[in-house]
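# Architecture and fold: a report
Listed below, chain by chain, are the residues.
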Amino acid sequence: MGAGEASAGWRSPLIVGAVLSLIVAVVGAVYVWRNCSGGSALGEPGAMRRYAIFVGVEFGIAAVGAAVIALCGGGEHIAAWSAWW
């Protein structure tokens, strides 16, 4: 079995998952297209600032965590930590 090939037992679940994800993507795209003229939650006064603060704190925590992991000698785990955040 080469790279990118699933075993026979996984073929059907992977096909079902791929089809379901495509359906969800199409439904989401239609929903966005029909409602794109509406207002945004970030359009309210102060909402963008609050959002930026939350994102900044999140990135800060991720950076501190990655630094601690690196200093403790677990550099191979930084990608998993970053993906979790």
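Look a little higher up for the structure.
Before going into details, it helps to say that this report is about the structure given with it. (Residues numbered from 1 in each chain as written. Predicted model: local features only at pLDDT ≥ 70, side-chain atom pairs only at ≥ 80, totals over all residues. Heavy atoms only, no water.)

### Remarks on helix 2 (residues 47-71)
Note the threshold: In this description a helix means any DSSP run of H or I spanning at least four residues, a strand means any run of E spanning at least two, and both kinds are numbered starting from the N terminus. Each helix should span, by expectation, one fewer than its residue count multiplied by 1.5 Å. Type-normalised accessible area, obtained with a 1.4 Å probe on protein chains alone, sets the label of each residue: buried when under 20%, exposed when over 50%, and partly exposed for intermediate values. Contacts: residue pairs with any heavy atoms within 4.5 Å of one another.
The end-to-end C-alpha distance of helix 2, which contains 25 residues, comes to 36 Å, matching closely the 36 Å that a straight helix rising 1.5 Å per residue would cover. Buried within helix 2 we find Ala47, Ala62, Gly65, Ala66 and Ile69. Where helix 2 is buried, its residues contact helix 3 (78-84). Phi turns positive, to about 85 degrees, at Gly73, one or two residues after helix 2.

### Observations regarding a nonpolar patch on the surface
Short version of the rule: A patch consists of residues whose relative accessible area exceeds 30% and which take part in no salt bridge; residues with like charges are grouped when within 9 Å of each other, and nonpolar side chains (Val, Leu, Ile, Met, Phe, Trp, Tyr) when within 5 Å. Only the protein chains shown count as cover for residues, with accessible areas throughout obtained via the Shrake-Rupley method and a probe of 1.4 Å. Between Lys or Arg on one side and Asp or Glu on the other, a salt bridge is scored when a side-chain nitrogen of the former is within 4 Å of a carboxyl oxygen of the latter.
Nonpolar side chains collect at one region of the surface, where Ile15, Val16, Val19, Leu20, Ile23 and Val27 lie side by side and expose about 530 Å² of accessible area between them. Mapping Ile23 onto the fold places it in helix 1 (residues 8-35).

### A look at the environment of Ala47
On the secondary structure map, Ala47 appears in helix 2. Take Ala47: its relative accessible area is 7%, and that puts it in the buried class. For the pair Ala47 and Glu76, spaced 29 residues apart in the sequence, the C-alpha separation amounts to 37 Å. Residues contacting Ala47, with those up to four places away along its chain left out, are Ala41 and Leu42.

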